[in-house]
Amino acid sequence: ITKAYSDKARNAERSMMFMPTDIEDAPAVFMVMDKVTSENKYMDKKFLFQCVGEPDISGNAITVRRGTHDSRDVYKGELTSQILYPKNYKIESIGGPGKQWWVNGHNFVPQGYENEGEEVVTTDRLDFGWGRVEISSKEQNETEYFLNVMYMNEQGKFGTKTNGDFEIQKAELIENEDLIGGKVLNTVTLFNKGETKINSGTSFEISGNGSYKIAITGMDSGRWNVYENGTL
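Description of the structure in this document. (Residues numbered from 1 in each chain as written. Predicted model: local features only at pLDDT ≥ 70, side-chain atom pairs only at ≥ 80, totals over all residues. Heavy atoms only, no water.)

A few points about the packing of aromatic side chains
Then comes step 1: Within this structure, the stated rule accounts for three aromatic pairs.
Then comes step 2: Taking 6.1 Å as the distance between ring centres and 85° as the angle between the ring planes, the aromatic pair formed by Y85 and Y145 counts as edge-to-face. Linking Y85 in strand β6 (residues 77-85) with Y145 in strand β11 (residues 143-154), this pair joins segments that are 60 residues apart in sequence.
Then comes step 3: Given a relative accessible area of 15%, Y145 falls into the buried group. (Phe/Tyr/Trp six-rings, centres within 6.5 Å; stacked < 30°, edge-to-face > 60°. Helix = DSSP H or I, 4+ residues; strand = E, 2+ residues; numbered from the N terminus. Buried < 20%, exposed > 50% of the residue type's maximum accessible area, 1.4 Å probe, protein only.)

Okay, here's the thing in structure tokens:
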């Protein structure tokens, strides 16, 4: 997607992976990895996470719960997104009444809503969405990676219950010279960090015990030998 950024970026790539989990109350994991190389390292690079409701931010986890639609309470979903990269990240949430579409000091009301006047910027209507969360690095790097791990479930039906609240499943970063990715639930996804396919060998460690679904992207075509703890 480099051409979307004119001459500000030398390279901008997005990789995505959808992984089924076989877990009934959290049936899939979705990972997004962005790799952005700017013309100079001082240019700001941000990952935007659009939110339909006000997010709950705790550490590296962003949780969004859909509000009640009406008396039938048909909206019960919950989305959790965890930041694995940048390692030294910062988060800014921008939204709520008057800032649903906030950019550079101005709330840009979408076409068709302007005639509703002040109501459109002072009310918290679900169809507007709440706003967004911006993720960026505290460091200034010419090339920046953004890695976000997302999964969704019905509210109150997944996780470890502690003091009446459900704790999120913590995603873990996996990284070596060639690959960047993460483990969450029973899935592992690894993305190629380079601009060319991996054509030699690579290795990585997965903490803990268990059976995992593993996807490694960006490998060259051909026959590969796979070893686990030295065993073919």
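Now that the structure has been shown, we can carry on.
Overview of unusual backbone geometry
Peptide bonds are mostly trans, and most non-glycine residues show a negative phi.
Then comes step 1: Put simply, Y85 and P86 share a cis peptide bond, and its omega is 5°.
Then comes step 2: Summarising the element assignment, P86 is placed in the loop between β6 and β7 (89-95).
Then comes step 3: Phi at S6 is positive, roughly 45°, even though this residue is not glycine.
Then comes step 4: Along the polypeptide, S6 turns up in the segment before β1 (9-20).
Then comes step 5: The backbone of L185 shows a phi angle near 55°, a positive value even though the residue is not glycine.
Then comes step 6: A residue is classified by how much of its surface remains accessible, and L185, at 17% relative accessible area, is buried.

Some details on a nonpolar patch on the surface
Then comes step 1: Taken together, M16, F18 and F30 make up a surface patch of nonpolar side chains, about 330 Å² in accessible area.
Then comes step 2: Within the element layout of this structure, M16 appears in strand β1.
Then comes step 3: For M16, a relative accessible area of 53% puts it in the exposed group. (Patch = residues over 30% accessible without salt bridge, like charges linked within 9 Å, V, L, I, M, F, W, Y side chains within 5 Å. Areas by Shrake-Rupley, 256 points an atom, 1.4 Å probe, with all protein chains shown as cover. Salt bridge = Lys/Arg side-chain N within 4 Å of Asp/Glu carboxyl O.)

Topic: the pattern of salt bridges
Then comes step 1: This model, assessed by the stated rule, comprises ten salt bridges.
Then comes step 2: Notably, a salt bridge pairs K35 with E13, separated by 3.6 Å at the nearest N-O pair. Of the two residues, K35 sits in strand β2 (residues 28-38) while E13 sits in strand β1, which places them 22 residues apart along the sequence.
Then comes step 3: Notably, a salt bridge pairs K46 with E134, separated by 3.0 Å at the nearest N-O pair. Remark: E134 occurs in strand β10 (residues 131-137) and K46 occurs in strand β3 (residues 46-51); sequence separation between them is 88 residues.
Then comes step 4: Salt bridges sharing common partners tie together K46, R132 and E134.

Concerning the sheet that holds strand β16 (residues 187-192)
Then comes step 1: Strand order in this open sheet of four strands is β14-β15-β16-β17, and the pairing throughout is mixed. The outermost strands of the open sheet, each flanked by one partner alone, are β14 (172-175) and β17 (213-216). Going from strand to strand, the sheet's axes swing by 15° on average, the running direction of each strand aside.
Then comes step 2: For β16 and β17, the ladder comprises four bridges, and the chain directions are parallel. Bridge assignment links L190 to a residue of β17, and that residue is I216. (Pairing = 2+ DSSP bridges. Axes fitted to C-alpha atoms, helices over the stretch in contact; angles between N-to-C directions.)

Some details on the environment of I83
Then comes step 1: Within the secondary structure layout, I83 lies in strand β6.
Then comes step 2: In this structure, I83 is in contact with N60, I62, Y89, I91, I135, L147 and N148, ignoring residues within four places of it in sequence. (Contact = heavy atoms within 4.5 Å.)

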